Amino acid sequence: PWSEADIETVLDGLHDLAAALTPAPPIALPRASDHLADDFEGWSRIAADPPADLDPWARANLPHLTASAARGLAATASGDTLSHCDIRADNILVRDDHSPVFIDWPWGCIGPDWLDRLLLAVNVIVNGGDPDGILKGLDPESVTDVVAGMTGFFLHTSRTPPPPGIPTVRAFQRAQADALLPWLRKRLLT
């Protein structure tokens with residue numbers, strides 16, 4: 001579980017990382033919106049063939065969730081920061097001096113300077129923590145829309161066969177969807 005001290009350490013590290021990587025180094029990387037485009041189609045795929053056990057609120061709001069995810073994708077098209085785009089506890093090492101090291105960069109892309117901070121908030125909520133302090137100063141509508149895209153991705157993908165060699169990934173994705181959906185509902189209703 002995330003402690004407040006660990007969250008602060010990682011937030012400080014993400015702030016420093018964004019400052020150092022804005023503008024992004026001149027390397028060929030996709031835009032965040034290009035990288036996330038297929039993922040953020042999750043609600044559209046669910047709407048095309050809604051599963052019988054789909055949450056009733058999600059079922060009743062599929063058009064709104066699909067539109068929200070599309071706005072989230074558009075929000076990730078801006079910016080010129082090199083983003084890790086997979087910030088979660090297992091991709092962060094904390095040194096003895098409490099400085100973080102961000103590892104495992106296969107999803108690196110160019111996007112808004114706040115994207116990794118939002119992904120930290122997602123990981124905190126998935127692990128039972130309170131993400132709201134992490135999001136201070138971010139546009140609440142963009143946050144909600146990106147969370148909609150991520151929730152649809154996790155919910156849809158968790159229902160697909162696992163890739164070879166990673167039999168537990170779908171349960172991991174379903175746990176993320178189950179944690180994010182109530183938060184998304186709350187954000188959309190307030």
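Please read all numbers here as calculations on a predicted model, not as lab measurements. (Residues numbered from 1 in each chain as written. Predicted model: local features only at pLDDT ≥ 70, side-chain atom pairs only at ≥ 80, totals over all residues. Heavy atoms only, no water.)

Undergrad: Sorry if this is basic, but what is going on with the packing of aromatic side chains here?
TA: The description of an aromatic ring pair rests on the distance of the ring centres and on the angle between the ring planes. Counting across every chain of the model gives one aromatic pair. Geometrically, the ring pair formed by Phe153 and Phe154 is tilted, given 5.2 Å between the ring centres and 55° between the ring planes. Of the residues examined, Phe154 reaches a relative accessible area of 9% and is grouped as buried. (Phe/Tyr/Trp six-rings, centres within 6.5 Å; stacked < 30°, edge-to-face > 60°. Buried < 20%, exposed > 50% of the residue type's maximum accessible area, 1.4 Å probe, protein only.)

Undergrad: Help me understand the pattern of salt bridges, please; the structure alone is not making it clear to me.
TA: Oppositely charged side chains are able to pair whenever their charged atoms sit close together. Per the counting criterion, the structure on display carries seven salt bridges. Here Arg45 and Asp38 are joined by a salt bridge, their closest N and O atoms 2.5 Å apart. Given the relative accessible area of 48%, Asp38 is considered partly exposed. Its salt-bridge partner being Arg88, residue Asp86 comes within 3.1 Å of it at the nearest N-O pair. You'll find Asp86 and Arg88 in the same group, each marked buried. Taken together, the shared-partner salt bridges in this structure form one network comprising Asp86, Arg88 and Asp90. (Salt bridge = Lys/Arg side-chain N within 4 Å of Asp/Glu carboxyl O.)

Undergrad: For this particular structure, what's the right way to read the environment of Pro162?
TA: Counting through the fold element by element, Pro162 comes out in the loop between α7 (140–157) and α8 (169–189). By relative accessible area, Pro162 is classed as partly exposed at 43%. With 127 residues separating them along the chain, Pro162 and His35 place their C-alpha atoms 20 Å apart. Setting aside anything within four residues of it in sequence, one finds Pro162 in contact with Pro167 and Arg170. (Helix = DSSP H or I, 4+ residues; strand = E, 2+ residues; numbered from the N terminus. Contact = heavy atoms within 4.5 Å.)

Undergrad: I would appreciate a short explanation of helix α1 (residues 4–20) in the present structure.
TA: The α-helix winds at 3.6 residues per turn, so residues separated by three or four positions along the chain end up facing the same way. Over its 17 residues, α1 extends 24 Å from the first C-alpha to the last, a length consistent with the 24 Å expected when each residue adds 1.5 Å. If you check which residues of α1 are buried, you get Ile7, Thr9, Val10, Leu11, Gly13, Leu14, Leu17 and Ala18. Tucked into the core, α1 has its buried residues touching β1 (81–83), β2 (92–94), β3 (100–102) and α6 (115–126). (Expected span 1.5 Å × (residues − 1).)

Undergrad: I would appreciate a short explanation of the layout of surface pockets in the present structure.
TA: Rolling a probe over the atoms, with the probe sized like a water molecule, indicates the empty space that remains. Put simply, the largest pocket is a space of about 670 Å³. Counting only elements with at least two residues in the lining of the largest pocket, the list comes to α2 (32–36), α6, α7 and α8. By residue class, the composition of the lining of the largest pocket is 17 nonpolar, six polar and five charged. In this model, the second largest pocket occupies a volume close to 200 Å³. Every residue lining the second largest pocket is counted, 14 residues in all, and those nearest its centre are Leu14, His15, Ala18, Asp113 and Trp114. For the lining of the second largest pocket, the secondary structure elements donating two or more residues are α1, β1 and α6. Examining the composition of the lining of the second largest pocket, we find that five residues originate from one element, α1, more than from any other. Along the lines of polarity and charge, the residues of the lining of the second largest pocket split into eight nonpolar, three polar and three charged. (1 Å grid on protein atoms, 1.4 Å probe; cavity = no way out; pocket = protein on both sides within 12 Å on 5 of 7 lines; lining within 4 Å. Points joined across faces, edges and corners; volume = space filled by probe spheres on them. Nonpolar A, V, L, I, M, F, W, Y, C, P; charged D, E, K, R; others polar.)

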